Amino acid sequence: MLAVAFLTIGIIFPHHADAKLLAPDIQISSNTFSQGDTMMVVIKNEPAGVVGRLGAVKLRFFRNEDDKDWVAIVGIPVHKDPGNYRLLIRVAGKAAFDSSIAVKKRNFPITVLAITRELAKKGYTAKKIVTTVQNDENKQLNKVLNVITPVSYVSKPFTYPLQMTNVMGEFGDIRKSGKYSIQHMGVDLQAPVGTPVYAINDGKVVFVKKGLPDYGDMMVVDHGLGVYSLYLHLSQFNFKEGDWVNQQDTIALSGATGYVTGPHLHFAVKVRGSGLDPWKFVTATKALW
Ligand SMILES: [Zn+2]
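From a predicted model like this one, the values you see are computed outputs, not experimental measurements. (Residues numbered from 1 in each chain as written. Predicted model: local features only at pLDDT ≥ 70, side-chain atom pairs only at ≥ 80, totals over all residues. Heavy atoms only, no water.)

Here's the deal with the packing of aromatic side chains
Turning to step 1, where the next piece is worked out: The final tally for this structure, using the stated rule, is eight aromatic pairs.
Turning to step 2, where the next piece is worked out: Between Y153 and W244 the ring centres are 4.8 Å apart and the planes differ by 75°, which places this aromatic pair in the edge-to-face class. You can see Y153 sitting in the loop between α3 (126–145) and β11 (167–169) and its partner W244 sitting in strand β20 (residues 244–245), a full 91 residues away along the chain.
Turning to step 3, where the next piece is worked out: The exposure class assigned to Y153 is partly exposed, which follows from its relative accessible area of 22%. (Phe/Tyr/Trp six-rings, centres within 6.5 Å; stacked < 30°, edge-to-face > 60°. Helix = DSSP H or I, 4+ residues; strand = E, 2+ residues; numbered from the N terminus. Buried < 20%, exposed > 50% of the residue type's maximum accessible area, 1.4 Å probe, protein only.)

Now the structure itself:
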């Protein structure tokens, strides 16, 4: 009986070669996310190419600073259907990593699209604010944001754009006035006019625009692989389109330009076309990289 059993194992094993392969050392920032979150994936100490998918979304891996690990930044868009998604990662010569990621619905509060007397005097109406953003400003911006630079310009975690960070307006609030509403796709950070604004990571300045009715004076930095940071309502630019910036460079000064009820920095992050919670984005990259 025993001899037969060994023989059977000997025959079967070659067909299950995967079972003998080592598991890759893969770290995932969590297995549960909310809409607007950022998922970090790190593969430790692998020299060869790696591929992966979350559901139908391809993961875009790049090299870490020490050139040993692979990192992927995965955006969970605010409109992604809640549910379970298969996370499948393949590393050459290692066993496949097959896991499930849960995406939960995030309930964004409905707040007021404020129009102060001062703004009304300048001609701002709810209709004007919403239609200008949707039909003009976002169209100009999307021409830039829809470009996916095929390489990463970053190799270390992201940092915050201000020295003192005090959130005055949360990400995702649905700001409403009458029949007009618009979702707030960044965070508003307290900043008196003239506060230094730092690049949150290395990258290339790809959009510098003065005098947009809603966004004011704004700047966009491309970090590669479809990751962008956006800085709105500025008062001064220190770089121009095409310039390279390093993390922590003072790229601009904050202000109160465009549609604002007071001075602040509107800070936003886009990952391959999706606006993500920028606060959680920076925190996620700091926590696991
Ligand atoms: Zn804002």
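Here's the deal with the coordination of the zinc ion
Turning to step 1, where the next piece is worked out: Protein-derived ligands of the zinc ion are H184 (NE2), D188 (OD) and H266 (ND1), with the metal-ligand distances lying across 2.0 to 2.2 Å.
Turning to step 2, where the next piece is worked out: Along the chain, the residues donating to the zinc ion fall in the pattern H-x3-D-x77-H. There is no split in this pair, since H184 and D188 are both buried. (Donors = N, O, S within 2.8 Å, 3.2 Å for Na, K, Ca; no water.)

Comments concerning the side chain of T195
Turning to step 1, where the next piece is worked out: On the secondary structure map, T195 appears in the loop between β14 (187–190) and β15 (196–198).
Turning to step 2, where the next piece is worked out: A polar contact is formed between the side chain of T195 and the backbone oxygen of P192, at a distance of 2.6 Å.
Turning to step 3, where the next piece is worked out: Apart from the residues lying within four places of it in its own chain, the contact partners of T195 are L162, A252, L253 and S254. (Polar contact = N/O pair within 3.5 Å; in protein donor to acceptor, adjacent residues only side chain to side chain. Contact = heavy atoms within 4.5 Å.)

Here we look at the pairing of strand β18 (residues 227–232)
Turning to step 1, where the next piece is worked out: Within β18, six of the six residues are buried, which leaves the element mostly enclosed by the surrounding structure.
Turning to step 2, where the next piece is worked out: Relative to β18, strand β17 (residues 216–222) is paired through four bridges, and the arrangement is antiparallel. Bridge assignment links V220 to a residue of β18, and that residue is L230.
Turning to step 3, where the next piece is worked out: Joining the antiparallel neighbours β17 and β18 is a turn of four residues, in which G224 adopts a positive phi near 90°. (Pairing = 2+ DSSP bridges.)

Structural notes on the nonpolar core
Turning to step 1, where the next piece is worked out: In this structure, F158, Y231, I251, F267 and F281 are the most contacted members of the largest nonpolar core, which totals 38 residues.
Turning to step 2, where the next piece is worked out: Broken down by element, this core gets its largest block of residues, four residues, from strand β22 (residues 264–271).
Turning to step 3, where the next piece is worked out: Mapped onto the domain boundaries, this core takes at least three residues apiece from domain 1 (2–104) and domain 2 (110–287).
Turning to step 4, where the next piece is worked out: Counting 21 residues, the second largest nonpolar core, distinct from the first, contains V130, V220, Y228 and L232. (Core = buried A, V, L, I, M, F, W, Y, C linked by side-chain atoms within 4.5 Å. Domains from an automatic or database assignment.)

Focus on the sheet that holds strand β3 (residues 38–43)
Turning to step 1, where the next piece is worked out: Strand order in the open sheet formed by four strands is β1-β3-β7-β6, with antiparallel pairing between adjacent strands. Pairing within the sheet leaves two strands with one partner each, and these edge strands are β1 (26–28) and β6 (61–63). Across the sheet, the mean angle from the axis of one strand to that of its neighbour is 25°, orientation sign disregarded.
Turning to step 2, where the next piece is worked out: Pairing between β6 and strand β7 (residues 70–75): three bridges, direction antiparallel. When the sheet's bridge partners are listed, F61 is paired in β7 with A72. (Axes fitted to C-alpha atoms, helices over the stretch in contact; angles between N-to-C directions.)

Description of the domain arrangement of the protein
Turning to step 1, where the next piece is worked out: Parsing the protein into structural domains produces domain 1 (2–104) and domain 2 (110–287).
Turning to step 2, where the next piece is worked out: Distance from the C-alpha centre of domain 1 to the C-alpha centre of domain 2: 33 Å.
Turning to step 3, where the next piece is worked out: At the junction of the two partners, domain 1 supplies 16 residues and domain 2 supplies 20 residues.
Turning to step 4, where the next piece is worked out: Between domain 1 and domain 2 lies a buried interface of about 1500 Å² when both sides are counted; carbon and sulfur atoms form 63% of it.
Turning to step 5, where the next piece is worked out: Sorting the residues of domain 1 by area buried against domain 2 places T38, R60 and I73 first, and these three jointly supply 36% of that buried surface.
Turning to step 6, where the next piece is worked out: Between the two partners, domain 1 and domain 2, sit one salt bridge.
Turning to step 7, where the next piece is worked out: A salt bridge links K280 to D37; its shortest N-O distance comes to 2.7 Å.
Turning to step 8, where the next piece is worked out: If you look at where domain 1 meets domain 2, you find four residue pairs in polar contact (both at pLDDT 80 or more). (Buried area = accessible area lost by both parts, 1.4 Å probe. Salt bridge = Lys/Arg side-chain N within 4 Å of Asp/Glu carboxyl O.)

So, empty space enclosed by the protein
Turning to step 1, where the next piece is worked out: A full pass over the atoms with the stated rule returns one cavity of 30 Å³ or more.
Turning to step 2, where the next piece is worked out: Its boundaries defined by the atoms lining it, the largest cavity holds a volume of some 60 Å³.
Turning to step 3, where the next piece is worked out: Classifying every residue of the lining of the largest cavity gives six nonpolar, three polar and two charged.
Turning to step 4, where the next piece is worked out: Lining the lining of the largest cavity are residues from two domains, each supplying at least three of them: domain 1 (2–104) and domain 2 (110–287). (1 Å grid on protein atoms, 1.4 Å probe; cavity = no way out; pocket = protein on both sides within 12 Å on 5 of 7 lines; lining within 4 Å. Points joined across faces, edges and corners; volume = space filled by probe spheres on them. Nonpolar A, V, L, I, M, F, W, Y, C, P; charged D, E, K, R; others polar.)

Notes on the sheet that holds strand β9 (residues 97–104)
Sheet strands pair by backbone hydrogen bonding; their relative direction is either parallel or antiparallel.
Turning to step 1, where the next piece is worked out: Read across the open sheet, the five strands follow the order β2-β9-β8-β4-β5; overall the sheet is mixed. Each edge of the sheet is formed by a strand with only one pairing partner; in this case those strands are β2 (32–34) and β5 (57–58).
Turning to step 2, where the next piece is worked out: Sheet topology places β2 next to β9; three bridges connect them, and they run parallel. Looking at the pairing, T32 lines up with A102 of β9.

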